[in-house]
Amino acid sequence: AGSQSQAGYLAPNASGEMQFVSLLDKVPAEQRAFGDVWATVCTPQGVYFQSFTHLIRWDGGRMKVWPAPKRFMPFARYVNGRLYVGEKATGMLQVRGDSLEPVPGFERFTTSRRLLLLPYGRDRVLVGDHGPTDPRQSYDRPFYIYNGDTLTPFPTEADKLLTMGRLLYSG
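Residues numbered from 1 in each chain as written. Predicted model: local features only at pLDDT ≥ 70, side-chain atom pairs only at ≥ 80, totals over all residues. Heavy atoms only, no water.

(A) View of the pattern of salt bridges. Under the defined criterion, the tally for this structure stands at five salt bridges. For aspartate 25, the salt bridge goes to lysine 26, with nearest N and O atoms at 3.8 Å. For aspartate 25, a relative accessible area of 53% translates into the label exposed. For arginine 96, the salt bridge is made with glutamate 101, and the minimal N-O distance between the two is 3.2 Å. For arginine 96, a relative accessible area of 37% puts it in the partly exposed group. A residue is classified by how much of its surface remains accessible, and glutamate 101, at 31% relative accessible area, is partly exposed. Connected via shared salt-bridge partners are Arg57, Asp59, Arg62 and Asp98. (Salt bridge = Lys/Arg side-chain N within 4 Å of Asp/Glu carboxyl O. Buried < 20%, exposed > 50% of the residue type's maximum accessible area, 1.4 Å probe, protein only.)

(B) Spatial organisation of the nonpolar core. Formed by 15 residues in total, the largest nonpolar core has its most connected members in Tyr84, Met92, Phe106, Val127 and Tyr146. At the level of elements, strand 8 (72-79), strand 12 (115-120), strand 13 (124-129) and strand 14 (143-146) are the ones that each hand at least two residues to this core. For this core, the leading source of residues is strand 8, giving three residues. Contact partners of tyrosine 146, with chain neighbours within four places excluded, come to Arg82, Tyr84, Gln94, Val103, Pro104, Phe106, Asp123, Arg124, Val125, Val127 and Leu151. Grouped together as the second largest cluster of nonpolar side chains are 13 residues, Val41, Ala68, Leu93 and Leu100 included. (Core = buried A, V, L, I, M, F, W, Y, C linked by side-chain atoms within 4.5 Å. Helix = DSSP H or I, 4+ residues; strand = E, 2+ residues; numbered from the N terminus. Contact = heavy atoms within 4.5 Å.)

(C) Just the packing of aromatic side chains, in detail. Tallied over the full model, the rule gives seven aromatic pairs. Members of the aromatic cluster, connected to one another through ring pairs, are Tyr84, Phe106, Phe109, Tyr144 and Tyr146. Over the ring of phenylalanine 52 we find arginine 71; its NZ or CZ atom is 3.7 Å from the centre of that ring. Geometry around phenylalanine 109 places arginine 108 over its ring, the cationic atom sitting 6.0 Å from the centre. (Phe/Tyr/Trp six-rings, centres within 6.5 Å; stacked < 30°, edge-to-face > 60°. Lys NZ or Arg CZ within 6 Å of the ring centre and 35° of its normal.)

(D) Looking closely at the sheet that holds strand 3 (residues 18-22). In space, the three strands of this open sheet follow the order 1-2-3, with antiparallel pairing throughout. Two strands lie at the open edges of the sheet, namely strand 1 (2-3) and strand 3, each paired on one side alone. Sheet analysis places strand 2 (residues 6-12) next to strand 3, joined by five bridges and oriented antiparallel. Across the sheet, proline 12 pairs through a bridge with methionine 18, a residue of strand 3. (Pairing = 2+ DSSP bridges.)

Okay, structure coming up:
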(Lines give C-alpha, C1' and ligand atoms only; values in the text may rest on other atoms or scores of the structure.)
Protein backbone atom coordinates (compact mmCIF):
# COMPACT_ATOMS: atom_id res chain seq x y z
CA ALA A 1 0.00 0.00 0.00
CA GLY A 2 1.20 3.51 -0.66
CA SER A 3 0.14 7.08 0.08
CA GLN A 4 1.79 10.51 0.40
CA SER A 5 5.53 9.72 0.75
CA GLN A 6 4.61 6.42 2.39
CA ALA A 7 5.01 2.78 1.34
CA GLY A 8 4.20 -0.37 3.26
CA TYR A 9 1.72 -3.20 3.72
CA LEU A 10 -1.25 -4.28 5.81
CA ALA A 11 -0.83 -6.96 8.48
CA PRO A 12 -2.84 -8.07 11.52
CA ASN A 13 -1.70 -6.78 14.91
CA ALA A 14 -1.68 -8.87 18.12
CA SER A 15 -5.49 -8.63 18.40
CA GLY A 16 -6.04 -9.58 14.75
CA GLU A 17 -6.94 -6.08 13.52
CA MET A 18 -5.39 -4.99 10.25
CA GLN A 19 -2.84 -2.21 10.54
CA PHE A 20 -0.50 -0.41 8.18
CA VAL A 21 3.16 -1.40 8.52
CA SER A 22 5.46 1.26 7.09
CA LEU A 23 8.55 0.40 5.08
CA LEU A 24 9.66 4.03 4.90
CA ASP A 25 12.62 3.39 7.21
CA LYS A 26 14.00 1.02 4.53
CA VAL A 27 14.05 3.84 1.93
CA PRO A 28 17.27 5.88 1.97
CA ALA A 29 16.62 9.09 3.96
CA GLU A 30 17.47 11.39 1.03
CA GLN A 31 14.81 9.70 -1.14
CA ARG A 32 11.87 9.59 1.27
CA ALA A 33 10.03 12.66 -0.07
CA PHE A 34 8.63 10.83 -3.11
CA GLY A 35 5.09 12.23 -3.02
CA ASP A 36 1.88 10.37 -3.85
CA VAL A 37 2.15 6.69 -4.75
CA TRP A 38 0.08 6.23 -7.93
CA ALA A 39 0.69 2.53 -8.50
CA THR A 40 1.60 -0.47 -6.37
CA VAL A 41 2.51 -3.54 -8.40
CA CYS A 42 3.36 -7.01 -7.06
CA THR A 43 5.81 -9.05 -9.17
CA PRO A 44 8.04 -12.08 -8.58
CA GLN A 45 10.97 -9.62 -8.20
CA GLY A 46 9.22 -7.67 -5.43
CA VAL A 47 6.61 -5.00 -4.79
CA TYR A 48 6.97 -1.75 -6.73
CA PHE A 49 5.69 1.61 -5.51
CA GLN A 50 5.53 4.27 -8.23
CA SER A 51 5.10 8.03 -7.80
CA PHE A 52 5.73 10.90 -10.22
CA THR A 53 9.30 11.21 -8.94
CA HIS A 54 10.41 7.72 -7.90
CA LEU A 55 10.05 4.01 -8.57
CA ILE A 56 10.76 1.95 -5.46
CA ARG A 57 11.08 -1.84 -5.22
CA TRP A 58 10.86 -3.80 -1.96
CA ASP A 59 12.18 -7.33 -2.46
CA GLY A 60 11.53 -8.44 1.11
CA GLY A 61 15.04 -7.56 2.27
CA ARG A 62 16.04 -4.27 0.70
CA MET A 63 14.73 -1.26 -1.16
CA LYS A 64 15.91 -0.27 -4.62
CA VAL A 65 15.03 3.30 -5.63
CA TRP A 66 15.11 4.81 -9.12
CA PRO A 67 14.55 8.58 -9.41
CA ALA A 68 12.50 9.55 -12.48
CA PRO A 69 14.65 10.79 -15.39
CA LYS A 70 12.06 13.54 -15.93
CA ARG A 71 8.65 12.56 -14.48
CA PHE A 72 6.91 9.22 -14.24
CA MET A 73 3.38 9.03 -15.64
CA PRO A 74 0.77 7.89 -13.09
CA PHE A 75 0.83 4.21 -14.01
CA ALA A 76 2.98 1.09 -13.92
CA ARG A 77 2.00 -2.31 -15.32
CA TYR A 78 3.44 -5.82 -15.06
CA VAL A 79 2.79 -7.62 -18.35
CA ASN A 80 4.29 -10.86 -19.67
CA GLY A 81 7.03 -10.92 -17.03
CA ARG A 82 8.11 -7.27 -17.41
CA LEU A 83 7.39 -4.14 -15.40
CA TYR A 84 6.62 -1.11 -17.58
CA VAL A 85 6.54 2.45 -16.22
CA GLY A 86 5.39 5.46 -18.25
CA GLU A 87 7.91 8.29 -18.27
CA LYS A 88 7.68 11.78 -19.81
CA ALA A 89 11.18 11.94 -21.37
CA THR A 90 11.15 8.50 -23.03
CA GLY A 91 7.49 7.46 -23.21
CA MET A 92 8.09 4.15 -21.44
CA LEU A 93 10.74 2.46 -19.33
CA GLN A 94 11.04 -1.18 -18.33
CA VAL A 95 12.83 -2.72 -15.40
CA ARG A 96 15.60 -5.15 -16.32
CA GLY A 97 17.35 -6.43 -13.22
CA ASP A 98 18.36 -3.29 -11.34
CA SER A 99 18.21 -1.01 -14.40
CA LEU A 100 15.49 1.13 -15.95
CA GLU A 101 15.75 1.00 -19.74
CA PRO A 102 13.82 2.93 -22.41
CA VAL A 103 11.38 0.83 -24.45
CA PRO A 104 12.10 1.38 -28.16
CA GLY A 105 9.23 2.91 -30.13
CA PHE A 106 7.43 4.37 -27.12
CA GLU A 107 8.87 7.87 -27.65
CA ARG A 108 5.62 8.67 -29.47
CA PHE A 109 3.80 8.50 -26.11
CA THR A 110 5.75 11.24 -24.26
CA THR A 111 2.66 13.50 -24.42
CA SER A 112 0.14 10.76 -23.62
CA ARG A 113 -1.81 11.08 -20.43
CA ARG A 114 -2.00 7.34 -19.77
CA LEU A 115 -1.40 4.03 -21.53
CA LEU A 116 -3.26 0.76 -21.25
CA LEU A 117 -1.00 -2.30 -21.35
CA LEU A 118 -2.52 -5.78 -21.56
CA PRO A 119 -1.15 -9.19 -22.52
CA TYR A 120 -1.92 -9.98 -26.16
CA GLY A 121 -1.04 -13.59 -26.74
CA ARG A 122 2.02 -15.11 -25.18
CA ASP A 123 4.71 -12.50 -25.69
CA ARG A 124 3.01 -9.46 -27.12
CA VAL A 125 1.43 -6.46 -25.43
CA LEU A 126 -1.67 -4.56 -26.52
CA VAL A 127 -1.01 -0.86 -25.97
CA GLY A 128 -3.95 1.53 -25.72
CA ASP A 129 -3.24 5.25 -25.88
CA HIS A 130 -5.55 7.39 -23.73
CA GLY A 131 -4.55 10.41 -25.81
CA PRO A 132 -2.41 13.48 -25.22
CA THR A 133 -2.42 15.40 -21.95
CA ASP A 134 -3.40 18.53 -23.89
CA PRO A 135 -7.02 18.00 -25.03
CA ARG A 136 -6.43 20.39 -27.96
CA GLN A 137 -3.97 17.90 -29.47
CA SER A 138 -5.28 15.06 -31.59
CA TYR A 139 -4.00 11.57 -32.11
CA ASP A 140 -4.64 9.07 -34.86
CA ARG A 141 -4.19 5.63 -33.38
CA PRO A 142 -5.60 4.38 -30.10
CA PHE A 143 -4.07 0.86 -30.28
CA TYR A 144 -0.66 -0.68 -30.94
CA ILE A 145 0.97 -4.09 -30.54
CA TYR A 146 4.40 -4.32 -28.91
CA ASN A 147 6.27 -7.56 -29.55
CA GLY A 148 9.24 -6.92 -27.27
CA ASP A 149 11.21 -5.19 -30.03
CA THR A 150 8.87 -3.08 -32.13
CA LEU A 151 5.66 -1.15 -31.76
CA THR A 152 3.21 -1.43 -34.66
CA PRO A 153 -0.22 0.12 -35.19
CA PHE A 154 -3.17 -2.17 -34.48
CA PRO A 155 -6.03 -0.75 -36.55
CA THR A 156 -9.63 -1.42 -35.55
CA GLU A 157 -12.97 -0.39 -36.95
CA ALA A 158 -13.47 1.78 -33.86
CA ASP A 159 -10.30 3.90 -34.27
CA LYS A 160 -12.07 7.01 -35.57
CA LEU A 161 -14.68 6.88 -32.81
CA LEU A 162 -12.09 6.26 -30.08
CA THR A 163 -9.79 9.10 -31.19
CA MET A 164 -12.72 11.57 -31.13
CA GLY A 165 -12.96 11.18 -27.37
CA ARG A 166 -10.66 9.49 -24.90
CA LEU A 167 -9.95 5.83 -24.40
CA LEU A 168 -11.08 5.01 -20.85
CA TYR A 169 -10.36 1.91 -18.87
CA SER A 170 -10.19 0.68 -15.35
CA GLY A 171 -7.14 -0.96 -13.93
